[in-house]
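Survey of secondary and tertiary structure
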Amino acid sequence: MANHPFRITFTRILQTAAIIGIGDASAQAIEIRPHSADELVAKFDYKRNGQMVAFGVFNNGIAVPFWLRTLWTRVGPGRDLATVGKKIVLDQSIYAPAMVAGVLGYTAVCKEMNNPKANDGGSVERIKEDFEFNIRTKALEIYLCDCLVWPLASFINYSLLPERYMVSFYSVITVAWNCYLSWRSWQFKDIDAAPSSHLPVVVATASAESVSLPLPLVKDHKSNNDNVENKNNKNA
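Here is what the cut-offs are and how they apply
Residues numbered from 1 in each chain as written. Predicted model: local features only at pLDDT ≥ 70, side-chain atom pairs only at ≥ 80, totals over all residues. Heavy atoms only, no water. Helix = DSSP H or I, 4+ residues; strand = E, 2+ residues; numbered from the N terminus. Contact = heavy atoms within 4.5 Å. Areas by Shrake-Rupley, 256 points an atom, 1.4 Å probe, with all protein chains shown as cover. Buried < 20%, exposed > 50% of the residue type's maximum accessible area, 1.4 Å probe, protein only. Phe/Tyr/Trp six-rings, centres within 6.5 Å; stacked < 30°, edge-to-face > 60°. Lys NZ or Arg CZ within 6 Å of the ring centre and 35° of its normal. Salt bridge = Lys/Arg side-chain N within 4 Å of Asp/Glu carboxyl O. Polar contact = N/O pair within 3.5 Å; in protein donor to acceptor, adjacent residues only side chain to side chain. Expected span 1.5 Å × (residues − 1). Bend = angle between axes of the 7 residues up to and from the residue.

1. Some remarks on the overall build of the protein
When its secondary structure is counted, the protein shows 7 helices and 2 strands. In sequence order, the secondary structure elements of the protein are arranged as α-α-α-α-α-α-β-β-α. Contacts in the protein between residues at least 24 apart in sequence constitute 66% of all its contacts with a sequence separation of at least 6. When the accessible surface of the protein is summed, it comes to about 12,900 Å², and 63% of that surface belongs to carbon and sulfur atoms.

2. Structural notes on unusual backbone geometry
At Arg 33, a position not held by glycine, the phi torsion is positive, near 55 degrees. Along the chain, Arg 33 turns up in the loop between α1 (10-32) and α2 (37-43). With relative accessibility at 45%, the residue Arg 33 sits in the partly exposed group.

3. Quick notes on the packing of aromatic side chains
Taken as a whole, this structure holds 7 aromatic pairs when the rule is applied. Measuring from centroid to centroid gives 6.3 Å for Trp 150 and Trp 177, while their planes differ by 80 degrees, and the two rings are edge-to-face. Pair noted here: Trp 150 is in helix α5 (residues 123-159) and Trp 177 is in helix α6 (residues 163-185), with a separation of 27 residues, a long-range link. Look at Trp 150 and you get buried, because its relative accessible area is 12%. Residue class for Trp 177 comes out buried when judged on its relative accessible area of 8%. Aromatic pair Tyr 180 and Trp 183: ring centres 6.3 Å apart, planes at 45 degrees, arrangement tilted. Note that Tyr 180 and Trp 183 are positioned in helix α6 at a spacing of 3 residues, about one turn of the helix. Feature note: the residues Trp 150, Trp 177, Tyr 180 and Trp 183 constitute an aromatic cluster, connected by ring pairs. When the ring centre of Trp 72 is taken as origin, the NZ or CZ atom of Lys 87, which lies over that ring, is 3.8 Å away. Against the face of Tyr 158 rests Lys 87, its NZ or CZ located 5.2 Å from the ring centre.

4. Some points on the pattern of salt bridges
Evaluated as defined, the whole model comprises 6 salt bridges. For Asp 24, the salt bridge identified is with Arg 48, shortest N-O distance 2.8 Å. With Asp 24 in helix α1 and Arg 48 in helix α3 (residues 46-74), this residue pair connects regions lying 24 residues apart in the sequence. Between Arg 184 and Glu 141 there is a salt bridge, with its nearest N and O atoms 2.9 Å apart.

5. Digging into the environment of Asp 91
You can see Asp 91 is positioned in helix α4 (residues 81-113). Linking Asp 91 and Cys 147, residues 56 residues apart in sequence, is a C-alpha distance of 9.7 Å. Setting aside chain neighbours within four positions, we find Asp 91 in contact with Trp 67, Leu 71, Ala 96, Pro 97, Ser 154 and Tyr 158. In terms of polar contacts, Asp 91 uses its side chain to reach the side chain of Tyr 158, at 3.1 Å.

6. Description of α4
A rise of 1.5 Å per residue sets the reference length of α4, with its 33 residues, at 48 Å; its end C-alpha atoms lie 46 Å apart and thus fit the reference within 8%. Approximately 35 degrees is the largest bend angle found in α4, and it occurs at Asp 91.

7. Description of the side chain of Ser 123
Within the fold, Ser 123 resides in helix α5. Assessed through its relative accessible area of 16%, Ser 123 is described here as buried.

Shown next, in the form of structure tokens:
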């Protein structure tokens, strides 16, 4: 196993941390939509970025190599269609659902840790509600996106690429994937809990569904409703 392409190494963990950090930074840039580099620096959520790097170190730096090494050992290193197909089926039926649940649970905890109201005694309930909301409104979408991206990437990796290029190929795909994963998992259920600098915000509707709305748009909509109510009161 010493020369196994998916062995866990300190260098690989550092590379993974950098990749996850770039993915989250890209997601935040999309959310903030800065007009200048200074604005991006001022509004950038460094704590969130560090939290995603920590998750990436565990997930991509340790769990993923361990999982792939297990596949390599149990299923075999073969590149034939049957062997590659078994690995992909196991990826999508075991690892992918666990990853989706893990990242949505982790970000629910992190959002509460970053919440100014975290010490008011309601943290556990808010984490539970946010996690349930995440599973109900985001889990299937993320899993389906995973099914669109990773089976093809894994097929190319397992069947076509030399072993020395496998990790590098995954790393390229992972930058874009983690940009999406960070953006989607960090969307907020409650507009009041969301950072004012980050867009879009997910707002729960009365039907327990969700819509993505830029924060200023939500505020403008709320202001317009208030103006209508004030006019109606005056006319009355």
